[in-house]
Amino acid sequence: MAVLITDICINCGACIDECPVEAIVDDEDNPTGEETYYVYPDKCVECVGYHDTPACAEACPTEGCIVWDKCYEGMPCREDIPADARESHQPVIE
Ligand code: SF4
Ligand code: SF4
């Protein structure tokens, strides 16, 4: 499971300290080279066990910036997120 930060991220930093598993890095540490914040999909647990909704998306001021990515093999998966929501990159928080 993981959320994905899209290219409309404004690098405000509001999300990074909200992550309970330190899955988020800033633009300088983004391994893709994009000038946005980045969520490591192998670390993100979609806040399951910590919060009812992804804390990063709750904190993010940029509407539609943080979207569902997909389930990852060997990781727990939030059951109430339908596959089509993941595939379509719908915003996590409207
Ligand atoms: S959804 Fe939760 S665990 Fe995943 S990056 Fe956001 S704050 Fe971290
Ligand atoms: S809170 Fe949203 S806009 Fe701000 S750095 Fe994080 S993903 Fe980017």
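What you see is a predicted model, and the numbers here were worked out from it, not measured in a lab.

Asks: What's the story with the packing of aromatic side chains in this structure? I'm lost.
Replies: One pass over the full model with this rule turns up one aromatic pair. With a centroid separation of 5.0 Å and an interplanar angle of 90°, the aromatic rings of Tyr38 and Tyr40 are classed as edge-to-face.

Asks: Teacher, can you tell me more about the site of ligand 1 here?
Replies: Taken together, Val3, Cys19, Pro20, Val21, Ile24, Val39, Cys44, Val45, Glu46, Cys47, Pro54 and Cys56 form the complete shell of residues around ligand 1. For the shell around ligand 1, a count of residues per class yields eleven nonpolar, no polar and one charged.

Asks: Looking at this structure, I do not really get the nonpolar core. What am I missing?
Replies: In a soluble, globular protein the nonpolar side chains are often hidden away together inside. Counting residues in hydrophobic clusters, the biggest one holds 19 residues, and the most contacted among them are Val3, Ile5, Ile24, Val39 and Ile66. Not counting chain neighbours up to four residues away, the residues in contact with Val39 comprise Val3, Ile5, Ala23, Ile24 and Cys44.

Asks: Could you clarify how one ought to interpret unusual backbone geometry in this entry?
Replies: The phi torsion of most residues other than glycine is negative, and most of the peptide bonds are trans. Of note in this structure, Glu22 is not a glycine but carries a positive phi near 55°. If you trace the backbone, Glu22 turns up in the loop between strand 1 (3-5) and strand 2 (24-25). Glu22 sits in the exposed class, given a relative accessible area of 64%. The backbone of Cys47 sits at a positive phi, close to 65°, despite the residue not being glycine. Positionally, Cys47 belongs in the loop between strand 3 (38-39) and helix 1 (55-59).

Asks: Just to check I follow, could you spell out the environment of Glu63 for this structure?
Replies: Note that Glu63 resides in the loop between helix 1 and strand 4 (66-68). Its relative accessible area of 64% is what places Glu63 among the exposed residues. Residues Glu63 and Ile93, 30 residues apart in the sequence, show an inter-C-alpha distance of 7.5 Å.

Rules used throughout
Residues numbered from 1 in each chain as written. Chains lettered and ligands numbered in written order. Predicted model: local features only at pLDDT ≥ 70, side-chain atom pairs only at ≥ 80, totals over all residues. Heavy atoms only, no water. Phe/Tyr/Trp six-rings, centres within 6.5 Å; stacked < 30°, edge-to-face > 60°. Near = heavy atom within 4 Å. Nonpolar A, V, L, I, M, F, W, Y, C, P; charged D, E, K, R; others polar. Core = buried A, V, L, I, M, F, W, Y, C linked by side-chain atoms within 4.5 Å. Buried < 20%, exposed > 50% of the residue type's maximum accessible area, 1.4 Å probe, protein only. Contact = heavy atoms within 4.5 Å. Helix = DSSP H or I, 4+ residues; strand = E, 2+ residues; numbered from the N terminus.

What is shown is where atoms sit, not what they do.
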